[in-house]
Amino acid sequence: MSDDRFSLSDFARIKDRGGKIAMVTAYDAPSARLADAAGVDSVLVGDSAAMTVLGHDSTVPVTVEEMLMLTRAVSRGARRAFVIADMPFGSFQVSNRIALKTAIRFVKEGGAHAVKLEGAGASVERVKAIVGAGIPAMGHIGLTPQSAALLGGYKPQGRTADRAQGLLEEAIALERAGCFAIVLEAIPELVAARITESLRVPTIGIGAGVSCDGQVLVWHDLLGLSTGHVPQFVKRYADLSDRIGAALSAYVADVRAARFPESRHTYAMLPGEVELFRAELAGMSGRRGS
Ligand code: KIV
């Protein structure tokens, strides 16, 4: 790992000093490079890729092989940011052994520095197995999209006292199992604040308020590239869909009107070669005529 790479001790240090960790999802090398250059601390290769880049309508269908390909690309692009690979649905639920084998693949073949697993319950045991093998693991509770069907859809979680208490207990269990950080998704600010102050490891919020130790947003949401419903907790920092659409329309119009390419976009023959070429063409047409 390069010396200036954001590391596990930086996660802990920022928590201790009351700073904030900036995280974003990314799914390819150029995006990871841009995130890096902007000073993002950690890039999550989220299974949100299923929806944002693969066109599925949930995160469930994305496979380990697809996530590995995206993780490798992000690892090649991120020089400073800490790269976390999301374990997709079905890649860790069945057993500790399968979870560990998948986590090893993300580190060994994908170049990830850590993995993320959704849920508590059985995931607590999976975290222990993964961390026990020396791989850093991040937890994810609250709205866990892989189990959206069980949660009754993409709804905020922990809005009753009972469920809020349940989330706090899940967070503590994940911390005890060895998670180095925990994502809190779509839960009330007050609940996230209580969880954050109860943990020694940092919380990373998405729709969980400003008290979390860091924030994560999905690349396409942040940059205005998402299609369809955008959750209330998203802040759009740009409207790239409009800008890309305008650029592509201009290109189409230029092609149709023969305004592109211009001569500066084309290549000239080497000096003296035009005459030789013309002579060859003349010879060819003379032979064809005889
Ligand atoms: O898959 C993803 O992008 C995530 C973030 C929303 C935390 O899990």
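The structure under discussion appears in the preceding block.
Source: prediction; values computed, not measured.

Could you clarify how one ought to interpret the site of the ligand in this entry?
In the vicinity of the ligand there are 13 residues, among which Gly 46, Asp 47, Ser 48, Asp 86 and Lys 116 approach most closely. Note that an oxygen atom of the ligand is positioned 2.5 Å from one of the side-chain N or O atoms of Ser 48. Within the side chain of Asp 86, a nitrogen or oxygen atom sits 3.1 Å from an oxygen atom of the ligand. When the ligand sits alone it has 260 Å² of accessible area, and the protein chains cover 96% of it. A breakdown of the residues in the shell around the ligand according to their chemical character gives 5 nonpolar, 4 polar and 4 charged.

How do you make sense of the environment of Leu 184 when you look at a structure like this?
In this structure, Leu 184 sits in strand β6 (residues 181-185). For Leu 184, a relative accessible area of 0% corresponds to the buried category. In sequence terms Leu 184 and Gln 157 are 27 residues apart; their C-alpha atoms lie 9.8 Å from each other.

What exactly am I supposed to notice about the pairing of strand β5 (residues 137-142) here?
Along a regular strand, successive side chains alternate from one face of the sheet to the other. Of all 6 residues that make up β5, 6 are buried, and the element is covered over most of its length. On β5, burial covers both faces: Ala 137, Gly 139 and Ile 141 on one face and Met 138, His 140 and Gly 142 on the other are all buried. Judged from the 2 bridges that link them, strand β4 (residues 114-116) and β5 form a sheet pairing that is parallel. What sits directly across from Lys 116, in β5, is Met 138. Taken together, the 5 bridges between β5 and β6 define a ladder with parallel strand orientation.

Explain the pattern of salt bridges to me, please; I cannot follow it from the model alone.
If you walk through the whole model with that rule in mind, you get 14 salt bridges. With a closest N to O distance of 3.3 Å, Glu 125 and Lys 128 form a salt bridge. Of the two residues, Glu 125 and Lys 128 both sit in helix α6 (residues 122-132), 3 residues apart, roughly one turn of that helix. The partly exposed category is assigned to Glu 125, whose relative accessible area is 38%. Arg 259 is paired through a salt bridge with Asp 254; the nearest N and O atoms lie 2.7 Å apart. One continuous salt-bridge network, built from bridges that share partners, spans Glu 65, Arg 105 and Glu 109.

Conventions adopted
- Residues numbered from 1 in each chain as written.
- Predicted model: local features only at pLDDT ≥ 70, side-chain atom pairs only at ≥ 80, totals over all residues.
- Heavy atoms only, no water.
- Near = heavy atom within 4 Å.
- Polar contact = N/O pair within 3.5 Å; in protein donor to acceptor, adjacent residues only side chain to side chain.
- Areas by Shrake-Rupley, 256 points an atom, 1.4 Å probe, with all protein chains shown as cover.
- Nonpolar A, V, L, I, M, F, W, Y, C, P; charged D, E, K, R; others polar.
- Helix = DSSP H or I, 4+ residues; strand = E, 2+ residues; numbered from the N terminus.
- Buried < 20%, exposed > 50% of the residue type's maximum accessible area, 1.4 Å probe, protein only.
- Pairing = 2+ DSSP bridges.
- Salt bridge = Lys/Arg side-chain N within 4 Å of Asp/Glu carboxyl O.

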